[in-house]
Amino acid sequence: MADTTHSQSGAQAAADPAPWIAPLARGPLRGDVALPGSKSLTNRELVLAALADGPSVIRLPLHSRDSALMIAALRQLGVGIDEVEPAPGEQPNPYGPDLRITPAPMHGDVRVDCGLAGTVMRFLPPLAALAVGPVVVDGDPYARKRPMHAIIRALVDLGVDVTDDGDGSMPFAFTGTGSVRGGALSIDASASSQFVSGLLLSAPRFDEGLHLTHVGERLPSLPHIEMTVAALRARGVTVDEPAVGEWVVHPGPIAARDVTVEPDLSNAAPFAVAALVAGGTVRIRTWPRETTQVGADLETLLPLWGATVARDGDDLLVDGGVGIRGGASLPGLDLDLSRGGELAPALVALAALAGGPTEITGIGHLRGHETDRLAALAADVNRSGGAVHELDDGLRIEPAALHGGDWAAYDDHRMATAGAVVGLVVDGVAVDDIGCTAKTLPQFPELWAALVESSGAVDPAPSGV
């Protein structure tokens, strides 16, 4: 069973919220969804802008708990971050203002709150090591169980004097001297690609740059590292890749740049999967034509379950985006999801409703996410009458008739949205904390309700949603 002892996120009320009863689709969907910016891209661009050689503007950033934690940490270190008012006649971003980031000499004497945000706890320490003064890195109680050894060991190997409890987790502390030596470094990033990205993002500011080599048996979520490399190169940083699992970042300036953040395609997963679960068509009309986001893999993954996926210009769409039409049935599959484990919760929910057995592997690292996602998914689906078996590196999902009841979110946004997917066709799925979706998509309950309403009649939304 997944660990349920950790505390509630900052998005939750002090008292336990009433369960959110997932709305039931009354027929095929006819959804049209526009999503806010990518969390992965927003937090990468915030770090790069903070280290740049001049002010940058980030347009259409994500405004969520994860990005708010990153912004707060950078401000603590002395970076200027201001909201930008729309120009006269300019349409404002419905999800929040653009941001102007003004770099400044960074200082310590701060305690950084990482919450449960992997991008903050893995990206901030290398950046904060460039500040002058003491820095403490901590987060939510459950965040102290998330793997951090690789980043702590890397800082020590780069000459940073780190103090921790020796267990490779938060909290830990160090005193920055204003510079980091850099040079050759080997790490095991098997637990998270974020260890690689966090080091690469700050590496141009290290005295000797960084020659980073991954020495572990596996490297999950490689597209996220590719995203980091692309963001560095877009700001004029030279990054060489001599071999798979090896990167050379040359020291030098990081160019100031105005950048527009793409919509979050990982957050698109439950909406896209909904078309297969309930039938009908869902259009994600803000889907970019080209992207480094792993969520783009949905375009090739969903047809394996019988979906039709079309881009603008095809008969599903009128004015842009990607459209997904559900198929007649959901087959069982064998799927290696090592490229994009963050898609697993939505796809496991889909597989739990399929007509045949499904085995999803390559996702063992999900045990170290906001919760142990493998144990949590098995527990929730099995509590609902399903038959999910944990494997060393994934899950096996057998067909079974599901019923309504409690669905635990475990303070994990993707667990909450997986419950919403099941609740499209299983009456009475009660998600205990839909508020934790504020981690990356605060508007999820409203967007989901609008999607389900497109199917026709819908149960009234419970109070507080």
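If you're wondering where the values come from, they're calculated on a predicted model, not measured in any experiment.

1. Digging into empty space enclosed by the protein
And then number 1: Summed over all chains, the structure comprises 3 cavities of 30 Å³ or more.
And then number 2: Estimated volume of the largest cavity: approximately 250 Å³.
And then number 3: Around the largest cavity sit 23 residues that line it, and Lys-39, Gln-194, His-224, Glu-342 and His-369 are the ones nearest its centre.
And then number 4: Of the residues that constitute the lining of the largest cavity, the class distribution is 3 nonpolar, 11 polar and 9 charged.

2. Here's the deal with the packing of aromatic side chains
And then number 1: Evaluated as defined, the whole model comprises 5 aromatic pairs.
And then number 2: Both rings, one in Phe-271 and one in Phe-444, keep their centres 5.7 Å apart while their planes meet at 65°; by these two values the pair is edge-to-face. Taken as a pair, Phe-271 in helix H7 (residues 269-278) and Phe-444 in helix H12 (residues 444-453) lie far apart in primary sequence, 173 residues in all. The same class applies to Phe-271 and to Phe-444, which are both buried.

3. Observations concerning the confidence of the model for the chain
And then number 1: In this model, the chain carries an average pLDDT of 91, and 92% of its residues clear a pLDDT of 70 or more.
And then number 2: Throughout residues 314-318 the model reports pLDDT below 50, and contacts reaching past four residues in sequence, or to other chains, amount to 13 contacts.
And then number 3: Long-range and interchain partners of residues 457-465, a stretch whose pLDDT sits below 50, account for 15 contacts in this model, where long-range means more than four residues apart.

4. So, the packing of helix H3 (residues 118-128) against helix H5 (residues 194-202)
And then number 1: In contact at an axis separation of 8 Å, H3 and H5 are set at 35° when each is read in the N-to-C sense. For H3 against H5, the interelement crossing comes out right-handed. On H5, the residues touching Gly-118, Thr-119, Arg-122, Phe-123, Pro-126 and Leu-127 of H3 are Gln-194, Phe-195, Ser-197, Gly-198, Leu-199, Leu-201 and Ser-202.
And then number 2: Residues belonging to the contact of H3 with H5 are distributed by class as follows: 6 nonpolar, 6 polar and 1 charged.

5. Describing the pattern of salt bridges
And then number 1: Counted by the stated rule, this structure contains 19 salt bridges.
And then number 2: Ionic pairing is found between Glu-299 and Arg-311, a salt bridge with its closest N-O pair at 2.8 Å. Taken together, the residues Glu-299 in helix H8 (residues 298-301) and Arg-311 in strand E16 (residues 308-311) connect sequence positions 12 residues apart.

Rules of the game
- Residues numbered from 1 in each chain as written.
- Predicted model: local features only at pLDDT ≥ 70, side-chain atom pairs only at ≥ 80, totals over all residues.
- Heavy atoms only, no water.
- 1 Å grid on protein atoms, 1.4 Å probe; cavity = no way out; pocket = protein on both sides within 12 Å on 5 of 7 lines; lining within 4 Å.
- Points joined across faces, edges and corners; volume = space filled by probe spheres on them.
- Nonpolar A, V, L, I, M, F, W, Y, C, P; charged D, E, K, R; others polar.
- Phe/Tyr/Trp six-rings, centres within 6.5 Å; stacked < 30°, edge-to-face > 60°.
- Helix = DSSP H or I, 4+ residues; strand = E, 2+ residues; numbered from the N terminus.
- Buried < 20%, exposed > 50% of the residue type's maximum accessible area, 1.4 Å probe, protein only.
- pLDDT = per-residue confidence, 0-100.
- Contact = heavy atoms within 4.5 Å.
- Axes fitted to C-alpha atoms, helices over the stretch in contact; angles between N-to-C directions.
- Left-handed = near helix turned anticlockwise from the far one by under 90°.
- Salt bridge = Lys/Arg side-chain N within 4 Å of Asp/Glu carboxyl O.

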